[in-house]
Amino acid sequence: MPITLPPPPPAIVIQNDGGGLVNTYINKVERYSAEGREVRIMGSCRSACVLYLGAKNVCVGPDAVIKAHQAYEQDTGQLRPDVTLYMMNQLPVRVSARLMPYITKHYNPQSTLGASELVSLGIKRCSPQDTVAAKDRKADKPIEIRPGDPITKALFYIFGVKK
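Residues numbered from 1 in each chain as written. Predicted model: local features only at pLDDT ≥ 70, side-chain atom pairs only at ≥ 80, totals over all residues. Heavy atoms only, no water.

When you look at the confidence of the model for the protein in this model, what are you seeing that I'm missing?
Should pLDDT be low for a region, the predicted coordinates there are not to be read in detail. For the protein, the mean per-residue pLDDT works out to 84, and 78% of the residues sit at or above 70. Within the model, the stretch residues 132-146 combines pLDDT values under 50 with 24 contacts to residues more than four positions away or in other chains. Confidence drops under a pLDDT of 50 for residues 155-163, and excluding neighbours within four residues, the segment shows six contacts in the predicted structure. (pLDDT = per-residue confidence, 0-100. Contact = heavy atoms within 4.5 Å.)

Listed below in structure tokens is the structure:
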């Protein structure tokens, strides 16, 4: 009897995200990475949204643009260099090194990166099928696993499934 696994969790698609609280984004990145979700940055990603670049499985579409600025207290406007440094440490090293010298309180052309520059800094380009809406994909079909198959044996071992 074939065993079926559920499909992978749906991808997180970022189209126009203006950011928010750093802790909220840190928690999302940790959760999505733990769940094995792909994070697709397909449009504008600003402020704390740039933390998605630190997800385990992140890619950028052709229209992706990230804009970074220094962290600050929402109530007082006081700059938080400690939080800015923490954020930069969550990003891939090449992205962080590229942004750090140019981070200011406000967005600027030097702290704005497009898809091609992000790819040149090591961020994966989303594959063409990744740009198709999830409802148009066949992700709702379960994966069929047959006992005795080498892949099935490996999955059983990894997930601790007993026969």
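Could you clarify how one ought to interpret the nonpolar core in this entry?
The nonpolar side chains of a soluble globular protein tend to be buried with one another. Counting residues in hydrophobic clusters, the biggest one holds 35 residues, and the most contacted among them are Ile41, Tyr52 and Leu99. Sorting the residues of this core by element identifies strand E2 (12-17), helix H1 (22-35), strand E3 (39-46), strand E4 (58-60), helix H2 (81-90), helix H3 (93-99) and helix H4 (115-120) as the ones contributing at least two each. Counting residues per element, this core draws most heavily on H1, at five residues. Beyond its immediate stretch of four places on either side in the chain, isoleucine 41 contacts Ile14, Tyr52, Leu53, Val58, Cys59, Val60, Gly61 and Ala64. (Core = buried A, V, L, I, M, F, W, Y, C linked by side-chain atoms within 4.5 Å. Buried < 20%, exposed > 50% of the residue type's maximum accessible area, 1.4 Å probe, protein only. Helix = DSSP H or I, 4+ residues; strand = E, 2+ residues; numbered from the N terminus.)

Before we go on, may I ask you to explain the pairing of E3 in this structure?
Residues in a regular strand point their side chains to alternate faces of the sheet. Most of E3 is tucked away: six of the eight residues are buried. Judged from the five bridges that link them, E2 and E3 form a sheet pairing that is parallel. In the sheet register, isoleucine 14 faces E3, and the bridge partner there is isoleucine 41. Taking the sense of rotation as the criterion, the β-α-β connection linking E2, H1 and E3 turns out right-handed. The sheet contact formed by E3 and E4 spans three bridges and is parallel. The residue of E4 that forms the bridge with valine 39 is valine 58. (Pairing = 2+ DSSP bridges. Right-handed = clockwise from strand over helix to strand, strands pointing away.)

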